[in-house]
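# Topology and contacts: notes
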Amino acid sequence: MSNAIVLLSGGLDSATTLAIAKAAGFSVHALSFRYGQRHGIELEAAARVAAALGVVEHAVIDVDLARFGGSALTADIAVPKGRSLDDMGSGIPITYVPARNTVFLSLALAWAETLGARDIFLGVNALDYSGYPDCRPEYIAAFEQMANLATRSGVEGHRRIRIHAPLIRMTKAEIIHQGQALGVDFGLTCSCYDPGPDGQPCGQCDACTLRAKGFAEAGIEDPLVDRFF
Ligand code: ZN
């Protein structure tokens, strides 16, 4: 079996992406980051998801993006609450973390090259209002091109690096259906940008709103709603 790196945030997108990588036959090495995010709840979720779906190894790397701030997720800036879908559909939200996916993918690339892996998976999604510039298909294609210029494995030519973003053109409802079909327990995941101390979703941030919309459109009950509400 080939090794693959999967970026694992603990949300439902990355959990589904991990399940897709497993179903494709890869031995998964999951990678999460303690990047100065507002809360550790998502890292606990990532550990639960990694254990439940089965990985060879789950690495958690410290990268202090809060040293730079500039995002509602890494600085003392309020997480927007109660925004409409129209609001979310316009512009880049304050929850965008500067260059986060580039930093994360670069570290994933370093680990991949060390392991002799050529496949890196991440759960970015260009639909459903994410608004993040580093979630677009052209960004993923450009990073893949760079990765093959930057590495020994790319230059020597026998192991071309591939960046997989299997969710990129899926709606949240399609992602939920896919995850359910692959046995993902969404009750283990955490999507909220601003959860309570026990992991209770705020129900008001963009991530909570999009998650609720996705489950409603999928016609599936969110197990987190059962647990907390
Ligand atoms: Zn929330």
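Let me begin by describing the structure that accompanies this report. Quick caveat: nothing in here was measured; it's all calculated off a predicted structure. (Residues numbered from 1 in each chain as written. Predicted model: local features only at pLDDT ≥ 70, side-chain atom pairs only at ≥ 80, totals over all residues. Heavy atoms only, no water.)

## A short note on the coordination of the zinc ion
- Distances from the zinc ion to its protein donors, namely C192 (SG), C202 (SG), C205 (SG) and C208 (SG), fall within the range 2.3 to 2.4 Å.
- Each of the four donor atoms bound to the zinc ion contributes to angles spanning 103 to 118°, and the resulting shape is tetrahedral. (Donors = N, O, S within 2.8 Å, 3.2 Å for Na, K, Ca; no water. Tetrahedral: all angles 85-135°; square planar, octahedral: opposite > 155°, others 65-115°.)

## Section: the environment of I161
- Of note, I161 is situated in the loop between α6 (152-156) and β5 (162-164).
- For I161, a relative accessible area of 0% puts it in the buried group.
- Excluding residues that lie within four positions of it along the chain, I161 makes contacts with L109, A117, R118, I120, E144, A147, N148, T151 and S153. (Helix = DSSP H or I, 4+ residues; strand = E, 2+ residues; numbered from the N terminus. Buried < 20%, exposed > 50% of the residue type's maximum accessible area, 1.4 Å probe, protein only. Contact = heavy atoms within 4.5 Å.)

## A few points about the nonpolar core
- Judged by nonpolar contacts, the single largest core of 37 residues is most densely connected at L7, L31, L105, I120, L122, I140 and I163.
- Elements with a minimum of two residues in this core: β1 (3-7), β2 (27-34), α4 (100-115), α5 (137-150) and α8 (206-218).
- For this core, the element with the highest residue contribution is α4, accounting for six residues.
- The contact partners of L105, leaving out residues within four places of it in the chain, are L7, I120, L122, Y139, F143 and I163.
- Ranked by size, the runner-up nonpolar core spans 28 residues in total, among them V49, L167, F215 and A218. (Core = buried A, V, L, I, M, F, W, Y, C linked by side-chain atoms within 4.5 Å.)

## Observations regarding the packing of aromatic side chains
- Taken as a whole and judged by the stated rule, the model has six aromatic pairs.
- Look at F33 and F104: their rings are 4.0 Å apart centre to centre, the planes differ by 10°, and that puts the pair in the stacked class. Here F104 lies in helix α4 and F33 lies in strand β2, a separation of 71 residues in the sequence. Neither F33 nor F104 differs from the other in exposure class; each is buried.
- Between the aromatic rings of Y35 and F104, the centroid separation amounts to 5.5 Å while the plane-to-plane angle is 65°, which identifies the pairing as edge-to-face. (Phe/Tyr/Trp six-rings, centres within 6.5 Å; stacked < 30°, edge-to-face > 60°.)

Treat this as a map of the structure, not an account of what it does.
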